[in-house]
Amino acid sequence: MNEVRFDYVVIGAGTAGALMANRLSADTQRRVLLIEAGGKDDYLWIRIPVGYLYCIGNPRTDWLYNTEPEPGLNGRVLRYPRGKTLGGCTSINGMIYMRGQSRDYDQWAQLTGDPTWCWDNVLPAFRQHEDHWRGDAGQTPDAQFAQFHGHAGEWRVEKQRLQWDILNAFAAAAVQAGIAHTEDFNRGNNEGVGYFEVNQKSGWRWNSARAFLRPACTGRPNFTQWTHAQVTRLLIARDDRGALRCTGAQVCNGSERISVHAQCEVLLCAGSIGSPQLLQLSGIGPGALLREHGIQVCADLPGVGQNLQDHLQIRSVYKISGARTLNTLAHSLWGKVSIGLEYALRRSGPMSMSPSQLGAFTRSSPEHLWPNIEYHVQPLSLDAFGEPLHRFPAFTASVCNLNPSSRGTVRIRSPRHEDAPAIALNYLSTAEDRKVAADSLRVTRHIAAQRALAPYHPEEWKPGAQYQSDEDLTRLAGDIGSTIFHPVGTTKMGRDDDPLAVLDTRLRVRDGRGGLIAGLRVVDGGAMPTITSGNTCSPVLMIAEKAAAWVRENATKSISSRG
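Residues numbered from 1 in each chain as written. Predicted model: local features only at pLDDT ≥ 70, side-chain atom pairs only at ≥ 80, totals over all residues. Heavy atoms only, no water.

**Student:** How should the overall build of the chain be read in this particular structure?
**Tutor:** A tally of helices and strands in the chain yields 15 helices and 25 strands. Seen through its C-alpha atoms, the chain measures out along the principal axes to roughly 75 × 50 × 45 Å. Here the chain holds 563 residues, and 61% of them are scored as buried. Residue pairs in contact within the chain that sit at least 24 positions apart in sequence constitute 71% of those at least 6 positions apart. (Helix = DSSP H or I, 4+ residues; strand = E, 2+ residues; numbered from the N terminus. Buried < 20%, exposed > 50% of the residue type's maximum accessible area, 1.4 Å probe, protein only. Contact = heavy atoms within 4.5 Å.)

**Student:** In this structure, what is going on with the pairing of strand 17 (residues 358–362)? I would like to understand it.
**Tutor:** Where a strand is regular, its side chains alternate between the two sheet faces. Across the 5 residues of strand 17, 5 count as buried, placing the element largely inside the fold. In strand 17, alternate side chains face the same way, and those of L358, A360 and T362 on one face and G359 and F361 on the other are all buried. Two elements, strand 7 (residues 192–195) and strand 17, share 4 bridges in a ladder whose sense is antiparallel. For Y195, the partnering residue across the bridge sits in strand 17 and is L358. The pairing of strand 17 with strand 18 (residues 373–378) spans 5 bridges and is classified as antiparallel. (Pairing = 2+ DSSP bridges.)

**Student:** Can you walk me through the environment of E545 in this structure?
**Tutor:** Positionally, E545 belongs in helix 15 (residues 537–562). Separated by 282 residues in the primary sequence, E545 and Q263 have C-alpha atoms spaced 21 Å apart. Beyond its immediate stretch of four places on either side in the chain, E545 contacts L19, R23, A125, Q128 and H129. A polar contact of 2.8 Å, which involves the side chain of E545, links it to the side chain of H129. (Polar contact = N/O pair within 3.5 Å; in protein donor to acceptor, adjacent residues only side chain to side chain.)

**Student:** Would you mind going over a nonpolar patch on the surface with me for this structure?
**Tutor:** Together, L333, W334, V337, L341 and L345 make up an exposed nonpolar region whose accessible area comes to about 610 Å². You can call L333 exposed: its relative accessible area is 69%. (Patch = residues over 30% accessible without salt bridge, like charges linked within 9 Å, V, L, I, M, F, W, Y side chains within 5 Å. Areas by Shrake-Rupley, 256 points an atom, 1.4 Å probe, with all protein chains shown as cover. Salt bridge = Lys/Arg side-chain N within 4 Å of Asp/Glu carboxyl O.)

**Student:** Explain unusual backbone geometry to me, please; I cannot follow it from the model alone.
**Tutor:** Phi is mostly negative for residues that are not glycine, and the peptide bonds are mostly trans. Residue P215 is bonded to the preceding R214 through a cis peptide linkage, with omega at 0 degrees. Mapped onto the elements of the fold, P215 is located in the loop between helix 8 (208–213) and strand 10 (223–226). Here the bond from K462 into P463 is cis, since omega is 5 degrees, no more than 30 degrees from zero. Among the structural elements, P463 can be located in the loop between strand 22 (459–462) and helix 14 (470–480).

**Student:** Which parts of the structure should I look at to understand the environment of R47?
**Tutor:** Residue placement: R47 occurs in helix 2 (residues 44–47). Those residues in contact with R47 that sit more than four places away from it in its chain are W204, R205, R210 and Y343.

**Student:** Looking at this structure, how should I read the packing of helix 4 (residues 102–112) against helix 5 (residues 119–128)?
**Tutor:** Each pair of packed helices can be summarised by the angle the axes make with each other and by the distance between the axes. Helix 5 packs onto helix 4 with a crossing angle of 115 degrees between their chain directions and a minimal axis gap of 8 Å. Here S102, Y105 and D106 of helix 4 lie close against helix 5, whose contacting residues are W119, V122 and F126. Looking at the contact of helix 4 with helix 5 residue by residue, the classes come out as 4 nonpolar, 1 polar and 1 charged. (Axes fitted to C-alpha atoms, helices over the stretch in contact; angles between N-to-C directions. Nonpolar A, V, L, I, M, F, W, Y, C, P; charged D, E, K, R; others polar.)

**Student:** Would you take a moment to explain the pattern of salt bridges for this structure?
**Tutor:** Pairing between side chains of opposite charge can happen when the charged atoms of each approach one another. Counted under the stated rule, the structure contains 29 salt bridges. The salt bridge partner of R187 is D184, with a shortest N-O separation of 2.9 Å. Using a relative accessible area of 7% as the deciding quantity, one classes D184 as buried. Between R445 and E460 there is a salt bridge, with the nearest N and O atoms lying 2.9 Å from each other.

**Student:** Honestly, the packing of aromatic side chains in this entry has me stumped. Any pointers?
**Tutor:** Two aromatic rings, taken as a pair, are described by how far apart their centres are and by the angle between their planes. Using the criterion set out here, one finds 16 aromatic pairs in the structure. Seen in terms of ring centroids, F170 and Y375 are 6.3 Å apart; in terms of plane orientation they differ by 55 degrees. Their pairing is tilted. Residue F170 is located in helix 7 (residues 165–176), and its partner Y375 is located in strand 18; the two are separated by 205 residues in the primary sequence. Comparing F170 with Y375 shows no difference in burial state: the two are buried. Grouping aromatic residues by their ring pairs yields a cluster made of Y105, W108, W117, W119, F126 and W550. Note that K159 overlies the ring of W133, its terminal NZ or CZ placed 4.7 Å from the centroid. (Phe/Tyr/Trp six-rings, centres within 6.5 Å; stacked < 30°, edge-to-face > 60°. Lys NZ or Arg CZ within 6 Å of the ring centre and 35° of its normal.)

**Student:** How should I be thinking about the nonpolar core in this particular structure?
**Tutor:** Most often, soluble globular proteins keep nonpolar side chains buried together rather than apart. One finds M20, L234, L507 and L520 to be the most contacted residues of the largest nonpolar core, which totals 82 residues. Counting 59 residues, the second-largest nonpolar core is a separate cluster that includes Y80, A169, I314 and A437. (Core = buried A, V, L, I, M, F, W, Y, C linked by side-chain atoms within 4.5 Å.)

**Student:** Explain the packing of helix 13 (residues 431–448) against helix 14 to me, please; I cannot follow it from the model alone.
**Tutor:** Contact geometry of helix 13 with helix 14 gives a least axis separation of 9 Å together with a crossing angle of 95 degrees. One finds that helix 13 runs roughly perpendicular with respect to helix 14. For the pair helix 13 and helix 14, contact is made by R434, A437, A438, L441, R442 and R445 and by D470, L473, T474 and A477, respectively. Taken together, the residues of the contact of helix 13 with helix 14 sort by class into 5 nonpolar, 1 polar and 4 charged. (Parallel < 35°, antiparallel > 145°, perpendicular 65-115°, else oblique.)

**Student:** How should I be thinking about the state of the cysteines in this particular structure?
**Tutor:** Here, the word disulfide means a covalent bond between the sulfur atoms of two cysteines. For the structure shown, the criterion picks out 0 disulfides. Looking at the unpaired C246, the closest cysteine sulfur is the one in C298, lying at 10.0 Å. (Disulfide = S-S within 2.5 Å.)

**Student:** For this particular structure, what's the right way to read the side chain of T474?
**Tutor:** Here T474 is to be found in helix 14. Judged by its relative accessible area of 16%, T474 falls in the buried class. Not counting the four nearest positions on each side in its chain, T474 is found in contact with L428, R434 and A438.

**Student:** Quick question: what am I supposed to make of helix 5 here?
**Tutor:** Working note: α-helix, 3.6 residues per turn, so residues spaced by three or four point in the same direction. Listed as buried for helix 5 are W119, V122, L123, A125 and F126. Projected onto a plane normal to the axis of helix 5, the buried residues spread over an arc of 165 degrees and lie on a single side. (Arc of directions from axis to C-beta.)

So, in structure tokens, the structure goes:
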């Protein structure tokens, strides 16, 4: 078995990993290795925004996970995409730029006992890597732009390059229903209705590989990148005093196994599914589960793979008339030709679309003190993701509970790294979540009944206006609900006295005995103690930004102490 040595080993070249590799390799005195199980992001459909349709469910770009049968979804199994390529999920996701609400981060600070994670202290990390369109030459930023947004970073944020009459009508109806119009969802309170901003550049998808790896990292002699290289387990050693240290990782590149050693730290950025799986395979996790699969327990951490949270969207479909929708446009030859020409000539139109174009944040019922549901509204409809578009004109108003109380798990099925873990979300498993589901469908109906939509004669096709009771609506939510692919929380950070806290507040892995496993951090969405109120990509970048600063700070202290 070959052995190689680096200062830092970053596992996973996705949302967090690409940023971590960029920041750590900026120190030319440190050798950085970035390991990615998937291939390069040179597949054309990664670049074209609508190409997510061809990337999800494609082994070239997707891990091809499925959930366990979900009781709350009436026994259904869901496809559960996770990016397997440079850029990770940013190569296949919905491209929506969304930070969440200030209260999300203030809650993190309260739960962890560390003010580092409050809104005022995470906002600079968001701004640090942001390249917001409002700062472009020729634009006139409002007075609060510099307070909330950045323009010198790598993470491009743009307006969408499309408009749909039916979406404009839905936005107007939402205003008539009491939801104020907003131009910016990312100032700490995202209540309102408006078009989402997206991570695109001139009509192309902007993923973390383009933002952080090329050309910055690839031009650095101290940076090495491996693709088609899967980490099979972490290397954990115990010193003479019994203290644990992660010394590196074992990697399989298809032809040989390589032991990679990290002189400073291993940064596990494999995502909310991959990171707990790899920890468990390495003997870090619930002791009973590890022993069940014949894995020696290095650190008995019951929280590894627990606390899984996700946003379940409930997809209401309304048939309409008198407006153009993608359903009818995509089913005619001229429509297809016009779609292709518009994108080829102007990088706009349906091929530049994110999966959802219009957003709204509001309350499912009056007793909520803050927006607790989010809408993703689309000028199209289909039976399920990946299925053909319907042939009748329609729009879909998908609504999700932003702060679900249901919790799921990620658990290995065997000691083999090739075997996908069991992913159980346990959607709608609490009375609170079931009530929000039923109430949110009523909010959708309230919006659809406003006069702004009346010219289009909306007719509820799913779930069906005949269903009115909480029991009926909850059952129907289970039939039409689907994930928005926002798994978080499976290696959460927390206080020392939290039995399910896997990480401390600087994302270092605990050893199960009151100490830490030296040289190992988890930097991805799994670190979140609770899910953010919106799409989760940008919060993961913020987490990575803060983690990279801590890692470099730690290295500086180590050099000073040796000096």
